[in-house]
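Spelled out, the chains give:
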Amino acid sequence: MKNLKIILNPLTEFGNKIFSSFFLWSLIAFVSGVLLWYQTENHYLFVFGLIFLPTIIFVRGLYFKVICLIIFISLGALKASSISEPDTKSNIFGYGKIINIPSVKKYYQEAIINIDKASQNVNSSIKIRFPLDLKLISADYLYFEGIVKSPLFYKNDNDYPVFYNNFLQKRYYLKGQRVKIIKRSLLMQKLNLWKNSLRSAFWNSNLTGKDFFMEVLFGEKRLNEKQRDIFNKTGTSHLLSISGLHFSLTVFFAYLLSLVVSYLYPRLLLIIPRPYVTLYLSIPLVFIYGFLSGLSIPAFRAFLIFLSVSIFMFFKRTVNYLSLLSLIALVFLVVNPEYLFSLSFQLSFLSVGALIIFANIYAPYIKKIESKLLKYFLGIIMGTVSITLFTMPIITNLQGKLVFSGILANILAVPIFSFCILPFLFIAIPIYHINEQLCIYFLSIPNMFFEILFYLLKNIKELFSNYHLNFYFDFKTSLFYYLIIFSLLFLKKYYKIFFIFIFLVWFVSDNKPLKNDFYAIFLDVGQGDSAILFSDDGKVVMIDCGGNIYDENIFKKAYFPFFRKYRINEIEALILSHPHPDHTLAINDLVSRIKVKKIYFLKDYSIYFEKFSENSELVYLNKPYEFNVSDLKINIIPPPYRDKEINNNSLWALVSKKNKVFIFTGDTEKRFIQEMLKYIKIPDSKEVVLKVPHHGSVSSFDEVLYKKLSPKWAVISVGRDNIWGLPSGVLLNYLKTNRIKYLRTDIEGAIKF
């Protein structure tokens, strides 16, 4: 009992410190205001705060704190409501400066412009997308012309709260049609040339770890999907982010530089103490590294913390790190409330907050340990546990399951990364300026340790691959989870027991799979095809897994939220009509994240799908094939011919359940449709649901298809505002004239039966 009191006393003391933190509570209130605005879009939220503003002069104590919270809630709502929403498809022209480092995507580049002048009312900053061949750098002052576009939003069932769905639908960006550089910063130009030459040296080397080095040094996403998956599934993906460790090494180099300066100019130390010399030298180095690392949210957060701590040191003041972190997060959100919905923002600030809270709690006990090695490893374990606890809802939702490999992986990975990889990468930067070849030889040292690290993580992933829990946190459960964490840390004993009991009851009752009121759904995946059918006992059959080819995160945006909501962790059969990306774009993520038992496809296209044989059984088809999945009766029909156009070699599939038969026609064109119809036999008792071929294209329209099948419903899977103008007017006129009910995913969103 005495030991329990020894542990609880510092928890309570630290709790008092936290709850007396003005900036922490201000941050919580501001965040609440932002969320309330997106939830309700009620303008009275900030009017309510204005009513209470005059009373702040007359009240003290608890009433003062409560009114301050109300005011910050109103300020959060006011700031969120001030984000302007220009009309989509409208043209905008104006002037502005790039305030970040442009990121390169597969089909375009993207940057954020701070608007100076614009032809219509927009936010002070806006995302702009421009062609890959246009070479822009940070701080470029531009003239721009473009059209306002909404990012892709998929109207499928998801587990998002109302405020997040509203946020997703309010986003916009500028598709740059003409961009002209008016003025370029000479300093930024030189820094960019230096960065590019440094990147080229890394890239042109034959080192196995070069992608990893470029990612951890420059903040660029270079790892392939398999490599990134290993870091994600072992809970070590934080190593890929720019963190305080990077800036600490920058300061260390500034300290070494101060030794050189003091050796050359010893009298300088009589005027300026060494700590201040180090501080003065570190500021430009930290700024330069901030530029090199891409000015990402984690990098900028670490930079601001360093700058703030330096100011406190200069004035010899103690630092309350939790208040400082809260203030910096508040500054981010005041600048742009939409940062709140960024995973990078959430993970970055939650992780650092967890370390600060647990360091204050357990640091006194760890300090009593004499062994430095044991002290260090206990620090890693406690840091890993604290970060895991604070980020569990986010990480679990990203992965779709909770893995148990994180603690072991971090115990091994953090020391290797901190002592044997990152410091050597920093040392390689000045060596590069001496001799490029010498730099490459030097990089063989961290490369050796990277190979050791990757080997360990790969084996840990395989070791724990079968040890995980299939559950996730929706918003309500996540909110309750964080309330429980804070209550466990800061409430008295009996309150802890009470809250734990409520949490367990809530978690068990709220985490049960939803009972579908449908058994077939055509997903909204933009310009692409995908459908899912459920058997009575919950087994899943999937037809195609494509989507808009310009969306690099189609699985994350269109598929995974639906899978999470309906707890889909396993797919019995995946039938792929043909290998075009609008029918297969999500397959890499799908197979790596969800257990797919069997994949069916035309034998001629085995080259596209053989790589999935490690995870799934592959079924090569060259003749009709029938099988059952519980009460789902499935008939796959390969084309009896072969054509040079891949679309025409689409598999057709018939899936029967209850009184309906669903017919999937791929992208077969008109000249081959009648040939495929020879193999289709529909019982008179069945109602036909036809997936219209090729997204409703006129090239795939044949009246014979509709006359023979007599569909009761025609489903058109098509993207909103697609550049091909689909579905065609000819098809729509025919369906209307013949009174065939048709449903479109671009209008209806997901279509259920």
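The rules behind the values
- Residues numbered from 1 in each chain as written.
- Predicted model: local features only at pLDDT ≥ 70, side-chain atom pairs only at ≥ 80, totals over all residues.
- Heavy atoms only, no water.
- Patch = residues over 30% accessible without salt bridge, like charges linked within 9 Å, V, L, I, M, F, W, Y side chains within 5 Å.
- Areas by Shrake-Rupley, 256 points an atom, 1.4 Å probe, with all protein chains shown as cover.
- Salt bridge = Lys/Arg side-chain N within 4 Å of Asp/Glu carboxyl O.
- Helix = DSSP H or I, 4+ residues; strand = E, 2+ residues; numbered from the N terminus.
- Buried < 20%, exposed > 50% of the residue type's maximum accessible area, 1.4 Å probe, protein only.
- Phe/Tyr/Trp six-rings, centres within 6.5 Å; stacked < 30°, edge-to-face > 60°.
- Contact = heavy atoms within 4.5 Å.
- Lys, Arg positive; Asp, Glu negative; His and termini not counted.
- Charge placed at Lys NZ, Arg CZ, Asp CG, Glu CD.
- Polar contact = N/O pair within 3.5 Å; in protein donor to acceptor, adjacent residues only side chain to side chain.
- Expected span 1.5 Å × (residues − 1).
- Pairing = 2+ DSSP bridges.
- Axes fitted to C-alpha atoms, helices over the stretch in contact; angles between N-to-C directions.
- Core = buried A, V, L, I, M, F, W, Y, C linked by side-chain atoms within 4.5 Å.
- pLDDT = per-residue confidence, 0-100.
- Parallel < 35°, antiparallel > 145°, perpendicular 65-115°, else oblique.

Asker: Honestly, a nonpolar patch on the surface in this entry has me stumped. Any pointers?
Answerer: Taken together, the side chains of F22, F23, L327, V331 and V335 define a hydrophobic patch exposed on the protein surface, amounting to about 410 Å² of accessible area. Mapped onto the fold, V335 is located in helix α13 (residues 321-335). The exposure class assigned to V335 is exposed, which follows from its relative accessible area of 57%.

Asker: I would appreciate a short explanation of the pattern of salt bridges in the present structure.
Answerer: Taken as a whole and judged by the stated rule, the model has 19 salt bridges. With a closest N to O distance of 3.4 Å, K657 and D631 form a salt bridge. Of the two residues, K657 is situated in strand β17 (residues 652-657) and D631 in the loop between β15 (625-629) and β16 (632-637); the sequence distance between them amounts to 26 residues. Looking at D631, the relative accessible area reads 29%, which means it is partly exposed.

Asker: Looking at this structure, how should I read the packing of aromatic side chains?
Answerer: In this description, an aromatic ring pair is defined by two values, namely the gap between the centres and the angle between the planes. For the structure on display, the rule yields 50 aromatic pairs. Ring centres of F163 and F341 lie 6.3 Å apart, and the angle between their planes is 40°; this geometry places the pair in the tilted category. Linking F163 in helix α5 (residues 162-170) with F341 in the loop between α13 and α14 (343-367), this pair joins segments that are 178 residues apart in sequence. When the centroid spacing of 4.7 Å and the interplanar angle of 40° are considered together, the rings of F345 and F349 count as tilted.

Asker: Explain the environment of K375 here, please?
Answerer: Note on placement: K375 falls in helix α15 (residues 372-399). Residues within four places of K375 in sequence aside, it is in contact with I366, K367 and I369.

Asker: Any chance you could explain a positive patch on the surface here in plain terms?
Answerer: Residues K105, K127, K221 and K556 make up a contiguous surface patch of positive charge. Mapped onto the fold, K127 is located in strand β4 (residues 125-130).

Asker: Which parts of the structure should I look at to understand the side chain of N649?
Answerer: In this fold, N649 is placed in the loop between β16 and β17. With relative accessibility at 2%, the residue N649 sits in the buried group. At 2.8 Å, the side chain of N649 forms a polar contact with the backbone oxygen of D643. If sequence neighbours within four positions are ignored, N649 has contacts with S577, L602, Y605, P639, Y641, R642 and D643.

Asker: What is the right way to look at helix α20 (residues 554-565) in this model?
Answerer: Think of an α-helix as turning once every 3.6 residues; residues three or four places apart then point the same way. With 12 residues, α20 extends 17 Å from end C-alpha to end C-alpha; this agrees with the ideal 16 Å at 1.5 Å per step. α20 sits mainly inside the fold: 9 of its 12 residues count as buried. Its buried side turned inward, α20 meets α15, β9 (520-522), β10 (530-534), β11 (540-545), β12 (570-575) and α22 (587-593). Residue R567 follows α20 closely and has a positive phi angle near 55°.

Asker: Whenever I open this one, the sheet that holds β11 confuses me. Can you help?
Answerer: In any sheet, the strands associate via hydrogen bonds between backbone groups, in a parallel or an antiparallel arrangement. Across the sheet, which stays open at both edges, the 7 strands sit in the order β14-β13-β12-β11-β10-β9-β22 with mixed pairing between neighbours. Two strands lie at the open edges of the sheet, namely β14 (617-621) and β22 (751-752), each paired on one side alone. Strand contacts of α20: β9, β10, β11 and β12, with the helix running at about 15° to β10, the strand carrying the most contacts.

Asker: Before we go on, may I ask you to explain the nonpolar core in this structure?
Answerer: Looking at soluble globular proteins, one finds that nonpolar side chains tend to be buried together. Y38, F212, I421 and L425 are the most contacted members of the largest nonpolar core, which totals 92 residues. Other than its neighbours up to four places away in sequence, F212 contacts L223, F231, L240, F417, I421, F450 and L453. Residues M542, F562, I568 and Y600 belong to the second largest nonpolar core, which totals 64 residues.

Asker: How should I be thinking about the environment of I682 in this particular structure?
Answerer: With respect to the helices and strands, the residue I682 is situated in the loop between α24 (670-677) and β19 (687-691). Among the residues examined, I682 registers a relative accessible area of 24% and is labelled partly exposed. Once the C-alpha coordinates of I682 and I663 are considered, the two residues, 19 residues apart in sequence, prove to be 9.9 Å apart. Every residue in contact with I682, bar those within four places of it in the chain, is listed here: L654, V661, I663, V688 and L709.

Asker: Got a minute to help me understand the sheet that holds β16 in this structure?
Answerer: In spatial order, the strands read β15-β16-β17-β18-β19-β20-β21; together these 7 strands make up an open sheet with mixed pairing. With partners counted over all chains shown, the strands left at the sheet margins are β15 and β21 (741-744), one partner each. Taking each pair of neighbouring strands and ignoring which way they run, the sheet shows an average axis angle of 20°. Examined bridge by bridge, β19 and strand β20 (residues 713-716) share 3 bridges and lie parallel to one another. Among the inter-strand pairings, V689 is bridged to a residue of β20, identified as W713.

Asker: What exactly am I supposed to notice about the pairing of strand β13 (residues 595-602) here?
Answerer: Regular strands place their side chains on alternate faces of the sheet. Strand direction decides the pairing type here: β12 and β13, joined by 5 bridges, are parallel. Directly across from E570, in β13, lies its bridge partner K595. Where β13 lies against β14, 5 bridges are found, and the strand directions are parallel. Across the sheet, L602 pairs through a bridge with L621, a residue of β14.

Asker: Sorry, what's going on with the confidence of the model for the chain here?
Answerer: Where the model shows low pLDDT, its predicted coordinates should not be examined in detail. Residue-level pLDDT values for the chain average 83, and 89% of them are 70 or greater. Ranking the elements of the chain by mean pLDDT puts helix α1 (residues 2-19) last, at 44, and β11 first, at 97. Low pLDDT (under 50) marks residues 1-20, which in the prediction has 21 contacts with non-local residues, meaning those over four places away or in another chain.

Asker: Explain the packing of helix α2 (residues 22-40) against α5 to me, please; I cannot follow it from the model alone.
Answerer: Working note: a packed helix pair is described by the angle between its axes plus the distance between those axes. Interhelical geometry of α2 versus α5 gives an angle of 75° and a closest axis separation of 7 Å. The angle between α2 and α5 falls in the class roughly perpendicular. Residue-level inspection shows L35, Y38 and Q39 of α2 in contact with α5, the latter providing V162, F163, N166, F167 and K170.

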